[in-house]
Structures are given as C-alpha cells and as structure tokens.
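Breakdown of the fold
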Amino acid sequence: MIEVSKNLVLEEIIESDCESLFNLMQEIYPSAYHQFWDDKGEWYVNSQYSKENVLKEISEDNTDYYFVVFNGERIGNLRVLWGEKLDGLSEKNQVKLHRIYLHKDAQGNGLGKMLMNWVEKMSLQKGYHAIWLDAMDAKPQAFKFYKKLGFKYHAHTLLPFKLMKEDARKMSQLYKLI
C-alpha cells in the first residue's frame, strides 16, 4: 500500500483482483457515463475491465495500476503509464495518466486533487517533466478540474467506439509541464 494521505492509499492491482476491479467499475462507470453510450456503458466496462484486458494492462512495462482506497474502502482506480509520449509534445520524459475513476459517493472530498498531486510528486521523483491525459469534452467539470491544476489543451482525438454516441467521442489531450 502506498499512503497518499492519512485516509487515502493506493493498493496495487494484481492478477487475483480482476473480478473485484470489474465489479467496482460496474458500479462506478455507468453511473457517471451512461448518458454517452447506447448501451449505458456496458460494452466499455466489459471490454476495458475484462479479465483478459486487465491482465494485459497490469503486465505492461512501466505501468502502475492501483485501487484507490479511501477510509479502508476501494472507491476507484488509477493507472499511470511511465514514459508514454504524447505526439507533438516536445518534453522528453512524459507520463500518461491513463485512468482515474472515483466513485460518485467519494467525490467532493479533495481526493482527485490529492491523487493528481501524488502523480506529480512521483513523476518528479522519477525524472519526468510532463504529465498528460485524455479528457472527455462531454464532461466539462473535468476540464475545469484539470485547468485549476495547471493543465493545458494540446490536441484532440475521437474515440472509435461504435456504441458511444457521436457527440461524446471527442477527447482532448491535456498536459502539464512539471
């Protein structure tokens, strides 16, 4: 376990955690993103959090994948890809924040900010100089959050997911130099 704060820790996701992660994301993802999908987000959870995909993701080099644990309860996940480069960003050493999901009941406690500060601190300790992520344009509160943390717009991409509604597919790539 990695202590982020007194009540917030990160627990490494391991092979035996696949079912627990899947069940957690069945609870978290659809409640936050159902409106963007024809199937309410079922396909996304089933594909991204399938045992096969999770095992592939935890086995990748330079990847850290964690449960976010608040007050002893798993309330989300966080995945960091160390050394993942954003096309067109000139900084040499980059980090991609690939996933950060928190249960709606845990939001509003400053956990997102604490987690982002932890990622920044770890990035600096490991010699990285830029953090980047993809954020859904259809979630304006996310942009507001990342902007407050100093992230800037870089470019955008469109998600190829057929079950996702057309107007929700745009993802903006945001970055922060540290």
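Described below are features of the structure shown in this document. Fair warning: this is a prediction, and the values are worked out from it, not measured in the lab.

1. Side note on the overall build of the protein chain
Tallying secondary structure elements over the protein chain gives five helices and eight strands in all. In sequence order, the protein chain lays out its α and β elements as β-β-α-α-α-β-β-β-α-β-α-β-β. Principal axes of the C-alpha set define a box for the protein chain whose edges measure 40 × 35 × 30 Å. For the protein chain, the proportion of contacts with a sequence separation of at least 24, taken over those separated by at least 6, is 62%. When the accessible area of the protein chain is evaluated, it comes to approximately 9700 Å², of which 47% is carbon and sulfur surface. On the protein chain, the mean spot of the 24 positive side-chain charges and the mean spot of the 25 negative ones are 8 Å from each other.

2. Topic: the sheet that holds strand S2 (residues 8–12)
Spatially, eight strands are ordered S1-S2-S3-S4-S5-S6-S8-S7 in an open sheet, and the strand pairing comes out mixed. Taken across any chain shown, the strands that pair with only one partner, and hence form the sheet edges, are strand S1 (2–3) and strand S7 (152–158). With two bridges joining them, S1 and S2 adopt antiparallel strand pairing. Within S2, the position partnered with Glu3 by the bridge is Val9. Along the sheet face, helix H1 (residues 18–33) touches strand S3 (63–70), strand S4 (73–82), strand S5 (94–102) and strand S6 (130–136) and points at about 90 degrees away from the line of S4.

3. Quick look at the packing of aromatic side chains
Evaluated as defined, the whole model comprises 14 aromatic pairs. An angle of 40 degrees between the planes, with centres 5.8 Å apart, marks the rings of Trp37 and Tyr44 as tilted. Both residues of the pair, Trp37 and Tyr44, belong to the buried class. Relative to Phe161, the ring of Trp43 lies with its centre 5.0 Å away and its plane at 55 degrees, an arrangement referred to as tilted. Of the two residues, Trp43 is situated in helix H2 (residues 42–48) and Phe161 in the loop between S7 and strand S8 (170–177); the sequence distance between them amounts to 118 residues. Owing to a relative accessible area of 18%, Phe161 belongs among the buried residues under this scheme.

4. Considering the pattern of salt bridges
Inspection of the entire model under this criterion finds ten salt bridges. A salt bridge links Lys56 to Glu60, with the shortest nitrogen-to-oxygen separation between them at 3.3 Å. Residue Lys56 is classed as partly exposed on the basis of its relative accessible area of 44%. Given the relative accessible area of 31%, Glu60 is considered partly exposed. Where Glu166 meets Arg169, a salt bridge forms, and the shortest distance between an N and an O atom there is 3.9 Å. Using a relative accessible area of 16% as the deciding quantity, one classes Arg169 as buried.

Definitions and limits used
Residues numbered from 1 in each chain as written. Predicted model: local features only at pLDDT ≥ 70, side-chain atom pairs only at ≥ 80, totals over all residues. Heavy atoms only, no water. Helix = DSSP H or I, 4+ residues; strand = E, 2+ residues; numbered from the N terminus. Contact = heavy atoms within 4.5 Å. Areas by Shrake-Rupley, 256 points an atom, 1.4 Å probe, with all protein chains shown as cover. Lys, Arg positive; Asp, Glu negative; His and termini not counted. Charge placed at Lys NZ, Arg CZ, Asp CG, Glu CD. Pairing = 2+ DSSP bridges. Axes fitted to C-alpha atoms, helices over the stretch in contact; angles between N-to-C directions. Phe/Tyr/Trp six-rings, centres within 6.5 Å; stacked < 30°, edge-to-face > 60°. Buried < 20%, exposed > 50% of the residue type's maximum accessible area, 1.4 Å probe, protein only. Salt bridge = Lys/Arg side-chain N within 4 Å of Asp/Glu carboxyl O.

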